[in-house]
Amino acid sequence: MTDIMASSFVRRDLVAERPAPVKTTGFVGLLRTRLFNSPTNILLTIVSALLLWFTIIPSIRFLIVDAVWSGNDRGACLAENAGFTVGACWPYIQAKLPQLIYGFYPEAERWRVNLALILAAALLLPLLIPRLPVKGLNASLFFFAFPVVAFFLLHGGGISGFGLSWTAGLLELFDDSIVSAGHVLLSLSKTSAIAPLLWVVGNLIVLVGIAIRWLIYPLTWLRDQLQGTGQSVWVDFAITTAFVSLIAFVLGGGIRTGWRALASSIATFVAIAMVIKLMGLDHGGLPIVATNLWGGLLVTLVVSVTGIVTSLPIGIALALGRRASIPLIRIFSIAFIEFWRGVPLITVLFFATYMLPLFLPGNFTVDGLVRALIGIALFTGAYQAENVRGGLAAIPRGQNEAAAALGLSWWKTTSLIVLPQALRHVIPNLVNSFISLFKDTSLVSIVALFDLLGSLRASFSDPKWSTPSTAFTGFAFAGIIYFIFCFGMSRYSLFVERRLNIHRRN
Amino acid sequence: MSTEARKPPLQIALKIRRLLGGKAGWNGVAVQFAFAAVLGWIAYEIISNARANLENQHIAAGFGFLANNAGFDVNQTLISYTGSDTFLRVFVVGLLNTLVVSAVGIVFATVIGFIVALCRLSPNWLVSRIGEIYVELIRNQPLLFQILFWYLAVLAALPNPRQSISLLGIAFISNRGLVIPQPIGQAGLEPFLAALAFGVVAALGLRIHARRALFLRGQMIHIWPYVLGLVIGLPLVTMLVFGLPITVQLPQLKGFNFAGGARVIPEFVALALALSTYTAAFIAEIVRAGIQSVHKGQMEAGSSLGLSRGTTLRLIVVPQAMRVIVPPLTNQYLNLTKNSSLAVAIGYPDLVSVWAGTSLSQTGQAIEIITMTMGVYLLISLVTSGVMSVYGWRLNRSLGA
Amino acid sequence: ADAQTLKTIKDRGTLSCGVSQGLPGFSSPDDKGNWTGLDVDVCRAIAAAIFNDPTKITFVPTSAKDRFTALQSGQIDVLSRNTTWTISRDTSLGANFTGVTYYDGQGFMVKKSLKVNSALELNSASVCVQTGTTTEQNLADYFKANNMKYEVIAFGTNDETVKAYEAGRCDVFTTDQSGLYSNRLKLANPNDHMVLPEIISKEPLGPMVRHGDDQWFDIVKWTLFAMITAEELGVTSKNVDEKAKMENPELKRVLGTDGNFGEQLGLTKDWVIRIVKAVGNYGEVFDRNVGAGSPLAINRGLNNLWNKGGLQYAPPIR
Amino acid sequence: MSADPIVNISGLNKWYGEFHVLRDIDIEVNKGERIVICGPSGSGKSTLIRCINALEEFQEGKIVVDGIELGPNLKHVDAVRREVGMVFQSFNLFPHLTVLDNCTLAPIWVRNIPKKDAEETAMKFLERVKIPHQASKFPGQMSGGQQQRVAIARALTMNPKVMLFDEPTSALDPEMVKEVLDTMVDLAKEGMTMLVVTHEMGFAREVANRVVFMDAGQIIEANTPNEFFATPQHARTKLFLSQILR
Amino acid sequence: MSADPIVNISGLNKWYGEFHVLRDIDIEVNKGERIVICGPSGSGKSTLIRCINALEEFQEGKIVVDGIELGPNLKHVDAVRREVGMVFQSFNLFPHLTVLDNCTLAPIWVRNIPKKDAEETAMKFLERVKIPHQASKFPGQMSGGQQQRVAIARALTMNPKVMLFDEPTSALDPEMVKEVLDTMVDLAKEGMTMLVVTHEMGFAREVANRVVFMDAGQIIEANTPNEFFATPQHARTKLFLSQILR
Ligand SMILES: Nc1ncnc2c1ncn2[C@@H]1O[C@H](COP(=O)(O)OP(=O)(O)OP(=O)(O)O)[C@@H](O)[C@H]1O
Ligand SMILES: Nc1ncnc2c1ncn2[C@@H]1O[C@H](COP(=O)(O)OP(=O)(O)OP(=O)(O)O)[C@@H](O)[C@H]1O
Ligand SMILES: [Mg+2]
Ligand SMILES: [Mg+2]
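Being a predicted model, the structure only gives us computed values, none of them experimental.

Every contact between the two is made by 29 residues of chain A and, on the other side, 32 residues of chain C. When chain A packs against chain C, the two sides together hide about 2,500 Å² of surface, and 56% of this comes from carbon and sulfur. At the surface where chain A touches chain C, the tally comes to three salt bridges. One salt bridge in this structure joins Lys-464 of chain A and Asp-31 of chain C, with 2.7 Å as the shortest N-O distance. Counting across the interface, chain A meets chain C through 13 residue pairs in polar contact (both at pLDDT 80 or more). Contributions of two or more residues to the side of chain A that touches chain C are made by helix H4 (90–102), helix H15 (345–354), helix H21 (452–460) and helix H22 (470–500) of chain A.

Structural data, given as structure tokens:
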């Protein structure tokens, strides 16, 4: 080499690039460099191996070697009949499998569950694979269209109107509530000290209510006319389609540029019409399967997927609310988060079941499953809010300022710049919550619903199958199912984490 | 041409606007009015419906049952309790049991969680794999199964009382639990505790004083002789004056079981074990996210000073990561406390088991009992998250803007 | 709305029946996912009496905690869930028991290797029990009355209680006798365990309805009596049609060819026929679910008819 | 003064709490003028620049940009921000978006320009700052100089009437400073109105119409670059220049 | 060729994945020598410096510091790091500790020096970099120039035989650059062995014994500062100098 030590050195020919030397690996090399490369590691390796030995071997013995694989009732799984100490009693799982998956869902209708699950998978999987195209359409199908279709598929039943009737109904409900509030004030004004004021306010409110009633009268009248015709759904549908498409057309820019909006609006409605026709929603739809017949994995999935999908927006809204500068919104968010985070989910569900009916109008009942869903969504939402808040805190102020300097409004800054970055920071925490939620679904047993674990426990009490190993077999089976789902979530989140953080590496 | 600094104008109107409406000013006030109106409307609907419905059903409420005789026994009681005590006392017993197992669980979960997270981030392939497997295995199994697993594993590992393992003849381990000599307070106990408390407080005060002297005057004061005197000497002296603070009662095997002595029941051990290992898996993920959020340069700066990896993590990285860790960590603490209600599966008498379980079905006063349960959990949570946010606030302050 | 339970049920089209979340022989889902058991059949009988269709039922599985609230809040019309009849439950809960479907009593099971022959030898024992039941209070009373010490470990569900007992956590397993039999099936070596002779409590189990609707109270009460009466008269699900044609005056009264008792209840004349056709008489129900015809194989014992040495006795239908 | 001031600041006073950070600032910037602001650290240069873009509020005085007065009215603030581009010392690129997306975001969402057109415009500006081939990279994958040029391109895509630069080169390696300054010189030559906080005196000499020197929240001296460097008037200015030019 | 090389690098080759970032580096640094390393961005300067401190691993070649050879042996690595101080471009102070704690941390935990002594030493070095009165502040409360001086003091408290500086001034305001360079000049005058990556050619002229120019992972040219600046040999060097000195 050149003499570097001379105070002056000039390289004449540049050193060419060459490939990195190949590290010698191989199985033994791997073992040596990774498992046995220091005394501590040797010790660790041995300890882990022992641990594995003592957990894996008995598990395999129980699950496979000593298991009983076929039989018709408990007799098959008794040591005295099998002739050896029985491990897992798989015929019991075979017999109970339909219940563990569908609960009490009527046998003849189970194809609907299968179809819903297949639909869900068909929409979800492409959404999860980043390379596939049309994410926007895919996502809107999964998040908006699928829940509706799944509802009519799983629950059954049809519709008696469409957009127009629903709007009319909602407005009417709202208006009734205003008028009755006014009447209450009026009745209070008979006894109160500030009677005149109450009287005036009460009358004002009633007047407003009546005014609204007149305003919406055309709508309600139209609805009543529609209900009279035999084809109320379709007429209503046509009116709604025309109306919404027109609005889309005008908002989209009218004659000039509105054609795209018009086309996509009409396409959407055609799709909806096809679904309605296909499922016969206009005349009753599929036979109704009340939610108290749902159970098993079906309930676990319905509850957890709904919880996962709804809790994140709730959490984001609360987290933003907690950082808002408007005092009332901030206070409300803090109170809301701390309350839901503070109480056990099981007591929430208890109240949802036995107290909620008290707070709703007398004839208005909310289905048990829906109550559980709302409770779980709010509960998990509060947890997610704190997770998201952590991520928000990690976004430097410069990002907000840069966005503001570009003229982006607060909403756009938040949704385009802040949230996408904040959420990436906290993926592990979000997934923590999702995994907790997935397993907490068993608490719905308090609203008389049996999820996977609940169905399992119920099946323990069938005397036909009570054997010493029934409970352990059941737990092992459920454990495997829970593990598969949670492990999937956990791994997928790691994948997403790595992918999304490409930009952070340099 | 030089302008003197002067006081800012008062701008009272602006300040009021800010106070009422936040950054958005009057728009914010309007939003709030709309929001308040919606809230008010919802509240009105709820109240009016509840009134109407309550009139229809004849649901009677009242807390009179609290003074009734409970009539059942509880396995672990931190305060004295027998079947002839009141339901109110049952409530306290259950609450204390919940608090104890949660506190122990939180401490161990935090420690294990941090260790596992550090393992996961270790450059050592094997260690990081072990950390990863731990998280994946434990986090993805329902807690209930783990509680049962630990319980049956603990029971399976222990002999029955007659064959119990004796530790020096004063403590015994069997499947009835760990029996240890029970300390019984004597006359000297109170002065002893008082002296000890005083010693600790005074030592802390000394330390603060010494720190201040160092910063203000650059003067170094050796405080450890005083500290020793205060923390050990003073209590010893009170012991000489007032006599022994405690005596111990030794356990003895009588019939099926041990009599006398204090006992750690296996349910407690299994529950604390399951809760802490389970929550640790979640905490490990949180800590990992937190540590990864600390700039890489900090680790490098530490090592370039010659600090070992462990020291750098402990003194430099983790303290900075705490800011990101604390909010979700609070979540986990609350979760652990609430998850302790799964105790009922293995017969640990926690609040949900003895109060929202047995007491509820004995009295049938569901609404009252669930409300109380909810309230007390809410209180525990608020205290926990209060403590944690004070900690987080101090962290933020020292990381200072 | 309280006094119109029957009307509400008819409008709704199904009977809402609270059962337990799973108790062998009393209520548990079978392989097909149908609820079966003694408590379940009582509900079926009521549904049959009202609709002539034992499937018009919504079963609401309730836990020990929420069962009374479910009844109070109107979630369920009748609670048929092995609940012990006590005075406090009859009064302070705002509900009434309608009869006894099963006379039970609390007993003990121990390992034979302990060499214990009487519950009185159990001083300082550890006892496994399921939480939230009268069992806990009985246990406390019994040990206190006999001046013995004990340690209680109360578990949330039955299966966990059994597992802990089997793992040696406690010396004694206590529950209602019916439960002891069903739980023995779950032990690895049933013959290593024995049931002690003492019965320490009376546990009359029966269905429950809300206060304030006497008509509904009567219907539930007499449905059970009808089943017992049917057994007394030898009317079974197989021979009920022939019996209805027989000229026996008592049979005619009971089976509705004579008199209008069913109508007085708010039902139809043939209400007993409907019941027996749907679920059989009491004896059949017992036998199918917990008796010799089931894996539990519990003796009739106290639950035999009064004229066969048991306690089941129905007031006359006349 | 001139007939066409695009930025007009008069009697501007600002406090941070009790700290009087800007004192009686009056300045007019005409269309096409290029102003360099310098001064010691903490003298309020950044604060002044940020006030023009309404990133900071002020308590007294008046700022009018392109005929719109800044004030509590949020509509006005948004209107001004649309006309004023800003380049920060620490770039503040959006790390989760590619370079191209960084540049198209604001046109698409603020000006409602169709995505395709926005991308065309963005590419035009990226070519202008000489990094069109990096369009699909993430900011984290680029050098500081490149990042700062993206930041300039991003501000330009909004077609601003005024560009504000807050020490655009001080976070850069010496070599990269040149890239960025070259870009800015180009921009200046095209007649963009610019307010630049910088200590690059070479740049000031080359392109500025006026150099403004600030200290302790006030404008001490303002002059054409030639006279400013040749014959500084105020003692503070002289001291400062002696340090900077060393 | 001196008899006393304190850092001896020979045949050093390093790859990032497939990217050959350091190629056949040979260099010896004698006790008391001050070497300035310069070169275009991405040429591997930082990587070289970081290799000396074992912050990066290398695949081929040998680095011996103060007689200890770097390698997979962690004991050796720690020993080397104790003898080598490093000052980073972005300071990397510990934000949660006061300035004093920043400086006493390593002596206390690595050298097991009693806290009091460590604090005394630290104060001595803080005085040396002229910020003793800031000792109880947190880094976040100080200006960049002050922070960089704390970083230097922190490295010095370990009493290192060699100091490595990685562009210690490039993140600073021009005014602060001076503060830091002054400190480094002082240090150089006291005879500390220093390897400095910098583009401050004034500094190189004033204190360096040798200037090393790197490009594409290799040493292109090394010379005394006078000759290096006056008569660069290699074409690449000439180009670079023309840009830097402008
Ligand atoms: N949010 C704030 N609260 C209080 N004081 C502030 C705040 N921001 C800046 N300051 C103070 O206002 C003064 C002016 O700050 P400014 O950033 O405008 O200075 P500058 O001239 O840009 O300095 P530099 O050249 O260091 O960027 C400084 O003394 C600074 O400490
Ligand atoms: N972790 C890494 N993985 C892959 N490539 C890297 C990594 N770190 C640096 N490089 C590459 O190695 C090359 C040398 O980097 P280095 O930081 O040593 O350059 P430098 O001479 O210090 O440049 P600068 O003056 O910009 O600091 C660069 O091309 C860089 O992109
Ligand atoms: Mg500034
Ligand atoms: Mg570098």
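So much for the structure itself; the text now carries on.
All names here are of chain D. Of all residues adjacent to ligand 1, which total 13 residues, the nearest are Ser-41, Gly-42, Lys-45, Ser-46 and Thr-47. Separating an oxygen atom of ligand 1 from a backbone N or O atom of Gly-44 is a distance of 2.9 Å. One of the side-chain nitrogen or oxygen atoms of Glu-167 is found 3.0 Å away from an oxygen atom of ligand 1. Contact with the protein chains hides 61% of the accessible area of ligand 1, taken as 640 Å² for the molecule alone. Residue assignment for the shell around ligand 1 shows that the elements contributing at least two residues are strand E2 (19–30) and helix H1 (45–52). Considering only residue class, the shell around ligand 1 consists of four nonpolar, six polar and three charged.

Residues and elements named next belong to chain B. Here four strands make up an open sheet; going across it, the order is E1-E2-E3-E8 and the pairing antiparallel. Taken across any chain shown, the strands that pair with only one partner, and hence form the sheet edges, are strand E1 (165–167) and strand E8 (262–264). Shown here is a sheet whose adjacent strand axes are inclined to one another by a mean of 20°, direction ignored. The pairing of strand E2 (residues 171–174) with strand E3 (residues 177–180) spans three bridges and is classified as antiparallel.

What follows covers unusual backbone geometry. We note that Glu-167 of chain D has phi near 45°; this positive angle belongs to a residue other than glycine. Among the structural elements, Glu-167 of chain D can be located in the loop between strand E7 (162–166) and helix H6 (174–189).

Now for the interface of chain B and chain A. The interface is formed by 64 residues belonging to chain B together with 60 residues belonging to chain A. Summing the contributions of chain B and of chain A, the shared interface buries around 5,400 Å²; its carbon and sulfur component is 65%. Summed over the three residues of chain B that lose the most area to chain A, namely Asn-140, Phe-145 and Met-374 of chain B, the buried surface amounts to 11% of that side. The interface formed by chain B and chain A contains three salt bridges. The residue Arg-491 of chain A makes a salt bridge to Glu-136 of chain B at a minimum N-O spacing of 2.8 Å.

A few words now on the sheet that holds strand E7 (residues 162–166) of chain E. Strand order in the open sheet made by the seven strands is E1(A)-E10(E)-E9(E)-E3(E)-E8(E)-E7(E)-E6(E), with mixed pairing throughout. Two strands in the sheet have a free side with no partner beyond their single neighbour: strand E1 (9–10) of chain A together with strand E6 (84–87) of chain E. Relative to strand E10 (residues 218–223) of chain E, strand E9 (residues 210–215) of chain E is paired through five bridges, and the arrangement is antiparallel. When the bridges of E10 of chain E are listed, Asp-215 of chain E appears paired with Gln-218 of chain E.

Residues and elements named next belong to chain D. Here Gly-44 lies in the loop between strand E3 (34–38) and H1. Note: C-alpha distance between Gly-44 and Ile-219 (175 residues apart in sequence) is 9.7 Å. Setting aside anything within four residues of it in sequence, one finds Gly-44 in contact with Val-21, Leu-22 and Met-214.

With that out of the way, let us pick up the packing of helix H3 (residues 99–110) of chain E against helix H4 (residues 115–128) of chain E. All names here are of chain E. With their axes 9 Å apart at the nearest point, H3 and H4 run at an angle of 125° to one another. In this view, H3 runs oblique relative to H4, as classed from their interaxial angle. Crossing angle aside, the handedness with which H3 passes H4 is right-handed. Counting all contacts with H3, which are made through Val-99, Leu-100, Cys-103, Thr-104, Pro-107 and Ile-108, the residues of H4 involved are Lys-115, Ala-118, Glu-119, Ala-122, Met-123 and Leu-126. Split by residue class, the contact of H3 with H4 holds nine nonpolar, one polar and two charged.

Turning next to H4 of chain A. In this model H4 of chain A runs 18 Å from its N-terminal to its C-terminal C-alpha over 13 residues, within 8% of the 18 Å that 1.5 Å per residue would give. The largest bend along H4 of chain A reaches roughly 55° and is located at Lys-96 of chain A, with the proline Pro-98 of chain A sitting one to four residues downstream. The complete set of buried residues in H4 of chain A reads Trp-90, Pro-91, Tyr-92, Ile-93, Ala-95, Lys-96, Gln-99, Leu-100 and Tyr-102 of chain A. Summarising the contacts, the buried residues of H4 of chain A are in contact with helix H2 (39–65), helix H5 (110–128), helix H13 (296–322), H21 and H22 of chain A together with strand E2 (28–29) of chain C. Immediately beyond the C-terminal end of H4 of chain A, within one or two residues, lies Gly-103 of chain A, with a positive phi of roughly 65°.

Conventions and cut-offs
- Numbering of residues starts from 1 in every chain and runs along the sequence as written.
- Chains and ligands are labelled by the order in which they are written, letters from A for the one and numbers from 1 for the other.
- Two thresholds apply to this predicted model, a pLDDT of at least 70 for residue-level local features and 80 or more for giving and counting side-chain atom pairs, whereas whole-chain, interface and lining totals are computed over all residues.
- Water and hydrogen atoms play no part in the side-chain values, which are based on all heavy atoms of the structure.
- Working rule for contacts: check all heavy atoms of both residues, and any pair within 4.5 Å makes them a contact.
- A 1.4 Å probe defines the accessible area here, and the buried area is the portion of it lost by two parts on being joined, summed over both.
- Each reported salt bridge corresponds to a side-chain nitrogen of Lys or Arg within 4 Å of a carboxyl oxygen of Asp or Glu.
- Polar contacts, as used here, are pairs of N or O atoms within 3.5 Å; protein pairs need one atom able to donate a hydrogen and one able to accept it. Residues neighboring in sequence count only if both atoms are side-chain atoms.
- In this description a helix means any DSSP run of H or I spanning at least four residues, a strand means any run of E spanning at least two, and both kinds are numbered starting from the N terminus.
- Put simply, a residue is near a molecule or strand once any heavy atom of it comes within 4 Å of that molecule or strand.
- Reported accessibility uses the Shrake-Rupley method at a 1.4 Å probe radius. Residues are deemed covered only where the shown protein chains occlude them.
- Ten residue types, Ala, Val, Leu, Ile, Met, Phe, Trp, Tyr, Cys and Pro, are classed as nonpolar, four, Asp, Glu, Lys and Arg, as charged, and the remainder, Gly among them, as polar.
- A pair of strands is labelled paired if DSSP reports no fewer than 2 bridges between them.
- Every axis in this analysis is a line fitted to C-alpha atoms, fitted for helices over the stretch in contact. Angles between the N-to-C directions lie between 0 and 180 degrees.
- Small angles under 35 degrees read as roughly parallel and large ones over 145 as roughly antiparallel, with 65 to 115 read as roughly perpendicular and the rest as oblique.
- The handedness criterion is simple: a crossing whose near helix is rotated anticlockwise from the far helix by less than a right angle is left-handed, and one whose near helix is rotated clockwise is right-handed.
- Here, expected helix span is obtained from the residue count minus one, scaled by 1.5 Å.
- To get the bend at a residue, fit one axis to the 7 residues ending there and another to the 7 starting there, then take the angle between the axes.
- Using a 1.4 Å probe on the protein chains alone, a residue whose accessible area is under 20% of its type maximum counts as buried, one over 50% counts as exposed, and one in between counts as partly exposed.

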